[in-house]
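# Coordinates in review
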Amino acid sequence: MNHLILVFIAFLCICLLKFVYSIIWIPWRIQNHFKKQGVTGPGFRPIFGNSAEIRRQFEEAMSKSAPLQNHNVLPRVAPFYHRWSNMYGKPFLYWSGSKPRLAISDPDMIKEVTMNTGGGSFDKTGFDPKGKILFGLGLVALIGKEWAIHRRILNQPFRMERVKAGWLPDIVAATTKMLEKWEEKRTGRDEFELEVYKELHDLSADIISRTVFGSSFEEGKRIFMLQEEQMKFFSLAVESVNIPGLRFLPTRNNREMWRLEKETRKETAANALSWALLLLALNPEWQDKAREEVVRICGNDKLPVAENLNNLKIVNMIIDETLRLYPPIVMLMRKACKDVKLGEINVPAGTELYLSLAAVHHDTEIWGEDANKFNPSRFK
């Protein structure tokens, strides 16, 4: 019996030492390593890192209404980056559990990471089990050779000549159908209210259904509804630290995610289209310029054809500026696969890299003092 007690005590000591080493000693060493290079941050907190602070800042940001005249979305979509980059400088270090994350917004450093110019120095972080439920084995989740194979397969249907010849008629038909429905709702009135986001959501879903599934949105509505529900539960899941085994507990959210996982595996352009229409409504002078160009290039009461697209310079400038102000992807995550020098910073293997694309899009040093204003002429 005494031997069993000694073995048990020894086992507990080993577990405790491993815990202290991995949860306290290694993070402290990494934090000190970056501090010596002038990179600081909010400081490591055992087990959960800075997750609670990040969640609180998101809740605070979302409780405030978004201003329409100032398009600085960074305090809303990445409040922790906005606050900590102002407090600690760029780049800065923060923690997801016991994992160090280096937050970066320098375009040259982001290019180096995403182009992986260091000979396999960087890779995708991959998804935890909750993320895999939503993204499955799509391009977003795949890495290495598997990603290259799937990318080559997908390149074929997305060739520009095929898009113009096969998809454009479906896109025009779906858009025409939506505009006819709007005219019916207008019933001759000069002004009427319309929930534009929902209409554009249905439009983009209809186009995807026609071009990918070969059916109308009405027929494909079930799968899109399932994926919307799945996105909602995934968003709730990623707000918390991934605790091993927690996803197997039969909580209400977990049961819903299990059900959805069985039925489906949609990102649409609805957000970008909605922002573009809002920006044009707030800036009627650009609305007039776009309308004049479309009429001049496509003709009065005529539908656009593939040959027109390259000539719509102002429309393309408006789209580029919309995507700059309201990017569909706020950030990218990568990790250092080995010890590597990024810019002037020595980054240890295993460090995760938070690449803040939204910060780049709103950087006054890159875009000028009007970086948070709608100005498509910057893309001339």
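So, here's what we can say about the structure. (Residues numbered from 1 in each chain as written. Predicted model: local features only at pLDDT ≥ 70, side-chain atom pairs only at ≥ 80, totals over all residues. Heavy atoms only, no water.)

Let us now look at the pairing of strand β4 (residues 331–336). The side chains of a regular strand alternate between both faces of the sheet. As paired strands, strand β3 (residues 122–124) and β4 are joined by three bridges and run antiparallel to one another. Paired with phenylalanine 122 across the bridge in β4 is alanine 336. In this sheet, strand β7 (residues 352–356) lies alongside β4 in antiparallel orientation, the contact comprising five bridges. Directly across from leucine 332, in β7, lies its bridge partner leucine 355. (Pairing = 2+ DSSP bridges. Helix = DSSP H or I, 4+ residues; strand = E, 2+ residues; numbered from the N terminus.)

Time to look at the pattern of salt bridges. Inspection of every chain in the model, using the stated rule, returns 15 salt bridges. The salt bridge partner of glutamate 352 is arginine 101, with a shortest N-O separation of 2.6 Å. Here glutamate 352 falls in the buried class, since its relative accessible area comes to 8%. Residues lysine 198 and aspartate 202 are paired through a salt bridge, measuring 3.2 Å at the closest nitrogen-oxygen approach. In this pair, lysine 198 and aspartate 202 are both assigned in helix α9 (residues 196–213), four residues apart and thus about one turn of the helix distant. (Salt bridge = Lys/Arg side-chain N within 4 Å of Asp/Glu carboxyl O. Buried < 20%, exposed > 50% of the residue type's maximum accessible area, 1.4 Å probe, protein only.)

A cis amide bond links lysine 90 to the next residue, proline 91, at an omega of -10 degrees. Phi at threonine 187 takes a positive value of approximately 45 degrees, unusual for a residue other than glycine. With relative accessibility at 57%, the residue threonine 187 sits in the exposed group.

Turning to the packing of helix α12 (residues 270–282) against helix α13 (residues 284–298), a few remarks are in order. The geometry of α12 relative to α13 is characterised by a closest axis approach of 5 Å and an angle of 110 degrees between their N-to-C directions. Regarding the angle of α12 to α13, the classification is roughly perpendicular. Across from Leu280, Ala281 and Leu282 in α12, the residues of α13 making contact are Pro284, Trp286 and Gln287. Each residue belonging to the contact of α12 with α13 can be placed in one class, and the counts come to five nonpolar, one polar and no charged. (Axes fitted to C-alpha atoms, helices over the stretch in contact; angles between N-to-C directions. Parallel < 35°, antiparallel > 145°, perpendicular 65-115°, else oblique. Contact = heavy atoms within 4.5 Å. Nonpolar A, V, L, I, M, F, W, Y, C, P; charged D, E, K, R; others polar.)

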